[in-house]
Amino acid sequence: MKAEGHPEYHMITVKMTDGTEYQTRSTWGKEGDTMSLEIDPLSHPAWTGGRQQASEGGRVAQFNKRFGGLSLKK
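A short tour of the structure in this document, coming up. Small disclaimer: the values here were computed from a predicted structure and weren't measured.

1. A short note on the sheet that holds strand β3 (residues 34–36)
To summarise the sheet geometry, strands pair through backbone hydrogen bonds and adopt either a parallel or an antiparallel arrangement.
Reasoning step 1: Pairing within the open sheet is mixed, and its 3 strands lie in the order β2-β1-β3. A strand with exactly one partner marks an edge of an open sheet, and here the two such strands are β2 (21–26) and β3. Going from strand to strand, the sheet's axes swing by 35 degrees on average, the running direction of each strand aside.
Reasoning step 2: Of the strand pairs in this sheet, strand β1 (residues 10–15) and β3 are connected by 3 bridges, and their pairing is parallel. From the neighbouring strand, Lys 15 faces β3, where its bridge partner is Ser 36.

2. Points about the packing of aromatic side chains
Reasoning step 1: Per the counting criterion, the structure on display carries 1 aromatic pair.
Reasoning step 2: Here the aromatic rings of Phe 63 and Phe 67 are separated by 5.1 Å at their centres, their planes lie at 45 degrees, and the arrangement is tilted. Separated by 4 residues within a single helix, Phe 63 and Phe 67 lie in helix α2 (residues 59–67), roughly one turn from each other.

3. Section: the side chain of Ser 26
Reasoning step 1: The topology assignment puts Ser 26 in strand β2.
Reasoning step 2: Of the polar contacts made by the side chain of Ser 26, one reaches the backbone nitrogen of Trp 28; its length is 2.9 Å.
Reasoning step 3: For Ser 26, the contacting residues outside a window of four places in its chain are Glu 8, Tyr 9, His 10 and Ile 12.

4. Regarding the pairing of β2
Reasoning step 1: Bridge analysis of β1 against β2 gives 6 bridges, and the strand direction is antiparallel. Directly across from Thr 13, in β2, lies its bridge partner Gln 23.
Reasoning step 2: The hairpin turn running from β1 into β2, its antiparallel successor, is 5 residues long, and Gly 19 in that turn takes a positive phi close to 100 degrees.

5. Digging into the side chain of Thr 13
Reasoning step 1: Its place among the elements puts Thr 13 in strand β1.
Reasoning step 2: A relative accessible area of 11% means that Thr 13 is categorised as buried.
Reasoning step 3: If near-sequence neighbours (up to four positions away) are discounted, Thr 13 is found in contact with Glu 21, Tyr 22, Gln 23, Asp 33, Thr 34 and Met 35.

Basis of the calculations
Residues numbered from 1 in each chain as written. Predicted model: local features only at pLDDT ≥ 70, side-chain atom pairs only at ≥ 80, totals over all residues. Heavy atoms only, no water. Pairing = 2+ DSSP bridges. Helix = DSSP H or I, 4+ residues; strand = E, 2+ residues; numbered from the N terminus. Axes fitted to C-alpha atoms, helices over the stretch in contact; angles between N-to-C directions. Phe/Tyr/Trp six-rings, centres within 6.5 Å; stacked < 30°, edge-to-face > 60°. Polar contact = N/O pair within 3.5 Å; in protein donor to acceptor, adjacent residues only side chain to side chain. Contact = heavy atoms within 4.5 Å. Buried < 20%, exposed > 50% of the residue type's maximum accessible area, 1.4 Å probe, protein only.

Okay, structure coming up:
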């Protein structure tokens, strides 16, 4: 493999939404940069158990909501 074909891999600081920080290696930014997260496991509904769009139902649920009261009986 060619050495010049790979991005630079260096240490950065990741700042979570609650203010905690940790250091990790990344190709993002430059050495010593801080990445501030807007969404992380502490705030995203997928991890916190908040309301999710998937719970609203799919196409069949929408159809039943709209036409559920109709009947073929006379």
